Amino acid sequence: MPAFNLATCARPNILALEPYRCARDDYKDDGTNILLDANENAFGPSLPPAISSSSSSSIDWLGLHRYPDPHQRDLKQLLCSLRNTHAHTPKTLTPDHLFVGVGSDEAIDALLRCFCVPGRDRILTCPPTYGMYSVSAQVNDVALVKVPLRPAPSFALDVPSISDVLSAPGSETIKLAYFCSPGNPTGALLSKADVEKILAHPTWNGVVVVDEAYVDFAPDDASLAELVAEYPNLVVMQTLSKAFGMAGIRLGAAFTSPEIAQVLNNLKAPYNISSPTSALASAAVGAEGLAVMRTNRANIVAQRDRLVRELPTIPGVGRLRGGTESNFLLYEMLNAAGEPDNEVAHKVYSVLAENQGVVVRFRGKEHGCLGCLRITVGTEEEVTRFLSSLKNVLAKTRGQ
């Protein structure tokens, strides 16, 4: 068993926090109550009649004048049902295992505030990785310890080096380890066995955070969400922004032990998830929404496979770096000598955007990503336009 102890890992002031409570924590609204407890506007929202009286919408717009459900248990149950595959454990996730927030970014920040004392504690990250871990750490005055992933194309966790860092003197100030799986910008899925080795570290009293924003593009049962029922020091973050195509509603989830989930829920703002967000998220992860997601995912995978086939045929495109378990790919751009080149990659990135109206991401300054562009998989028409534009721009760039 890991050495994790919530009572000594989390900040004492957070553990002692009494969460904000409203009258509806004690008296639930069954639709017949007269609600005179929260200083709401009983006359309804200030919306044009065409919107507020729309009968075609599944959202109760008239409910906007009431504060949203602070607990979101119905939505949480839908998320649990999605991840209760029993591929990794016979145990079952329940709403008590969940924190839902404004995108995964709220969970990233909330974990830092729960566990890290500003100016003293640190987090561990494995570059190349998602940039918000370091941004949130800096905002919270929390230092970084970086252990790079193994070289491309595997971009796997360097388990021996991570274990050494977590065993070294002073490691007691490392409270969180953020791992991205599938990785951003690598697109590579981390090994379950590697994650479990870190979780089982015999002396480190800290929390492993696995960010699974892109997990629905990976093979079935790739998500480790239900493993939080086995490991008290595991948090698995997910989002509806990617495979579900709901980036605009900003809905993220953190699966974890009921004890950590309670601390996160105590810390959050009382009504952090809006009623429209909750209604749209519930529709997306319900039966009909899941069918739409799976159809769209199949289309994305088909175009992803097409890019993998066709990109290597374009002169100036180098190796695929990383994996194909996400909705993007990481490819090298080559100079005239056939070498990955940041100057070429950045110029291609700029010219594509400024002259061709095609926007990708330059990732050449990330660890292990020399000369790389990160390319999101689009529609068939978008991929066709991208491939044509890239071929033309590379020809001109490398010919100069």
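Below or above, wherever it landed, is the structure these notes cover. (Residues numbered from 1 in each chain as written. Predicted model: local features only at pLDDT ≥ 70, side-chain atom pairs only at ≥ 80, totals over all residues. Heavy atoms only, no water.)

Okay, the packing of aromatic side chains next. For the structure on display, the rule yields five aromatic pairs. Consider the rings of Y130 and Y133, whose centres lie 5.5 Å apart with planes at 85°: the pair is edge-to-face. The partly exposed category is assigned to Y130, whose relative accessible area is 27%. Since its relative accessible area comes to 1%, Y133 is described here as buried. For the ring pair Y214 and F328, a centre distance of 5.0 Å and an interplane angle of 80° mean the geometry is edge-to-face. Residue Y214 is located in the loop between β5 (207-211) and β6 (234-239), and its partner F328 is located in strand β9 (residues 328-333); the two are separated by 114 residues in the primary sequence. According to the relative accessible area criterion, F328 is buried, its value standing at 2%. A connected cluster of aromatic rings, assembled from ring pairs, spans Y130, Y133 and Y178. The ring of F328 has R374 lying over it, and the distance from NZ or CZ to the ring centre is 5.5 Å. (Phe/Tyr/Trp six-rings, centres within 6.5 Å; stacked < 30°, edge-to-face > 60°. Buried < 20%, exposed > 50% of the residue type's maximum accessible area, 1.4 Å probe, protein only. Helix = DSSP H or I, 4+ residues; strand = E, 2+ residues; numbered from the N terminus. Lys NZ or Arg CZ within 6 Å of the ring centre and 35° of its normal.)

With that settled, the discussion passes to empty space enclosed by the protein. The final tally for this structure, using the stated rule, is two cavities of 30 Å³ or more. Size it by volume and the largest cavity reaches roughly 70 Å³. Looking at the largest cavity, the residues that line it are L79, L82, R83, Q238, T239, L240, F244, L251, G252, A253 and F255. Elements with a contribution of two residues or more to the lining of the largest cavity: α5 (73-83), β6 and β7 (252-256). (1 Å grid on protein atoms, 1.4 Å probe; cavity = no way out; pocket = protein on both sides within 12 Å on 5 of 7 lines; lining within 4 Å. Points joined across faces, edges and corners; volume = space filled by probe spheres on them.)

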